[in-house]
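Spelled out, the chains give:
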Amino acid sequence: MKWTGKLVGGALGAFLGPVGIAIGAAIGHQYDVQLGRHGARPVGEQFFRSTFQVMGHVAKADGRVSEREIASARGVMQGLQLDEAQRRAAIELFTSGKAPEFDLARELGDLLRACRGHPAILRTFVEIQLRFALHGSDMSGATRVRVTRIAAVLGIDTPLLA
């Protein structure tokens, strides 16, 4: 997949607005080029997979997925400017994250391994989960506990959640 660097770069740049998205996507494009040359680990693919599976898992924290949580997930997809194929893949990943057999520990371990040496990507991942949870459920109850646990496993300090 040659769009993964662009996706991660755009996501990182999204916090700076439209210009940040463009700059992030350009840097991500260079990452994709280097990935093709050196066969590096697919950080962007793991980021994409983990982002939407963990979102599904967070949405299911209270036992059901609300319309607000679905709308929040769609908002993340729109913010990342996913094309139709990427959107379908994201929906499938979100759905698999809701399943009772979803292994959060394994998924976070895979993300940690893929992002070794890239703490900014892990911070972005946690920020996306926080924004998703805030818009989807106001970070209440089991959702807050789940997002706080995810951040802790990834080594991301979240003093506002304590």
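Higher on the page you've got the structure.
Residues numbered from 1 in each chain as written. Predicted model: local features only at pLDDT ≥ 70, side-chain atom pairs only at ≥ 80, totals over all residues. Heavy atoms only, no water.

A.B. asks: Is there a simple way to explain the overall build of the protein in this structure?
C.D. replies: When helices and strands are counted, the protein shows eight helices and zero strands. When the helices and strands of the protein are placed in sequence order, the string is α-α-α-α-α-α-α-α. Evaluated residue by residue, the protein yields a buried proportion of 47% over its 162 residues. Long-range contacts, defined as pairs at least 24 residues apart, comprise 76% of the intrachain contacts of the protein with a sequence gap of at least 6. (Helix = DSSP H or I, 4+ residues; strand = E, 2+ residues; numbered from the N terminus. Buried < 20%, exposed > 50% of the residue type's maximum accessible area, 1.4 Å probe, protein only. Contact = heavy atoms within 4.5 Å.)

A.B. asks: Which parts of the structure should I look at to understand the nonpolar core?
C.D. replies: Inside soluble globular proteins, nonpolar side chains tend to come together where they are buried. Within the largest apolar cluster, 36 residues are counted, with the highest numbers of intra-cluster contacts made by F52, V54, M55, F125, F132, I150 and L154. Those elements giving two or more residues to this core turn out to be α3 (43-59), α4 (67-79), α5 (84-98), α6 (104-114), α7 (119-137) and α8 (141-153). In this structure M55 touches S50, A73, V76, F94, I128, Q129 and F132, once residues within four positions along its chain are discounted. (Core = buried A, V, L, I, M, F, W, Y, C linked by side-chain atoms within 4.5 Å.)

A.B. asks: Would you mind showing me how to read α7 here?
C.D. replies: Note on helix geometry: an α-helix contains 3.6 residues per turn, so any two residues three or four positions apart are oriented the same way. Taking 1.5 Å per residue as the helical rise, α7 with its 19 residues ought to reach 27 Å, and the 27 Å between its terminal C-alpha atoms agrees with that figure. Those residues of α7 lying buried are I121, L122, T124, F125, V126, I128, Q129, L130, F132, A133, G136 and S137. Looking one or two residues past α7, D138 carries a phi angle of roughly 60 degrees, positive in sign. (Expected span 1.5 Å × (residues − 1).)

A.B. asks: Explain the pattern of salt bridges to me, please; I cannot follow it from the model alone.
C.D. replies: Pairs can form between side chains of opposite charge whenever their charged atoms are close. Taken as a whole and judged by the stated rule, the model has five salt bridges. A salt bridge links E84 to R87; its shortest N-O distance comes to 3.4 Å. Taken as a pair, E84 and R87 lie in helix α5 at a separation of three residues, close to a single helical turn. For R113, the salt bridge identified is with D110, shortest N-O distance 2.5 Å. Here R113 and its partner D110 are both found in helix α6, three residues apart, which amounts to about one turn of the helix. Members of the salt-bridge network, linked through shared partners, are E84, R87 and R88. (Salt bridge = Lys/Arg side-chain N within 4 Å of Asp/Glu carboxyl O.)

A.B. asks: Looking at this structure, I do not really get the packing of α6 against α8. What am I missing?
C.D. replies: To describe two helices that pack against each other, one gives the angle between their axes and the distance between the axes. Packing of α6 against α8 leaves a shortest axis separation of 10 Å and a crossing angle of 40 degrees. Considered as vectors, α6 and α8 are oriented oblique to each other. Both α6 and α8 take part in a crossing whose hand is right-handed. Where α6 approaches α8, its residues L104, L108 and L112 are matched on the opposing element by R149, I150 and V153. For the contact of α6 with α8, the class distribution of residues is five nonpolar, no polar and one charged. (Axes fitted to C-alpha atoms, helices over the stretch in contact; angles between N-to-C directions. Parallel < 35°, antiparallel > 145°, perpendicular 65-115°, else oblique. Left-handed = near helix turned anticlockwise from the far one by under 90°. Nonpolar A, V, L, I, M, F, W, Y, C, P; charged D, E, K, R; others polar.)

A.B. asks: Would you take a moment to explain the packing of α3 against α6 for this structure?
C.D. replies: Where α3 meets α6, the closest approach of the two axes is 9 Å, and the angle between their N-to-C directions is 155 degrees. By the criterion of interaxial angle, the relationship of α3 to α6 is roughly antiparallel. Taken as a pair, α3 and α6 cross one another with a handedness that is left-handed. For the pair α3 and α6, the contacting residues are V43, Q46, F47, R49, S50, Q53, V54 and H57 in the first and L104, R106, E107, L108, D110, L111 and A114 in the second.

A.B. asks: Mind showing me how you'd approach the packing of aromatic side chains here?
C.D. replies: For any pair of aromatic rings, geometry is given as the distance between the ring centres together with the angle between the planes. Enumeration over the complete set of coordinates arrives at three aromatic pairs. Their ring planes at 80 degrees and their centres at 6.2 Å tell us that F94 and F132 sit as a pair that is edge-to-face. Here F94, found in helix α5, pairs with F132, found in helix α7; they are 38 residues apart in sequence, far enough to count as distant. There is no split in this pair, since F94 and F132 are both buried. (Phe/Tyr/Trp six-rings, centres within 6.5 Å; stacked < 30°, edge-to-face > 60°.)

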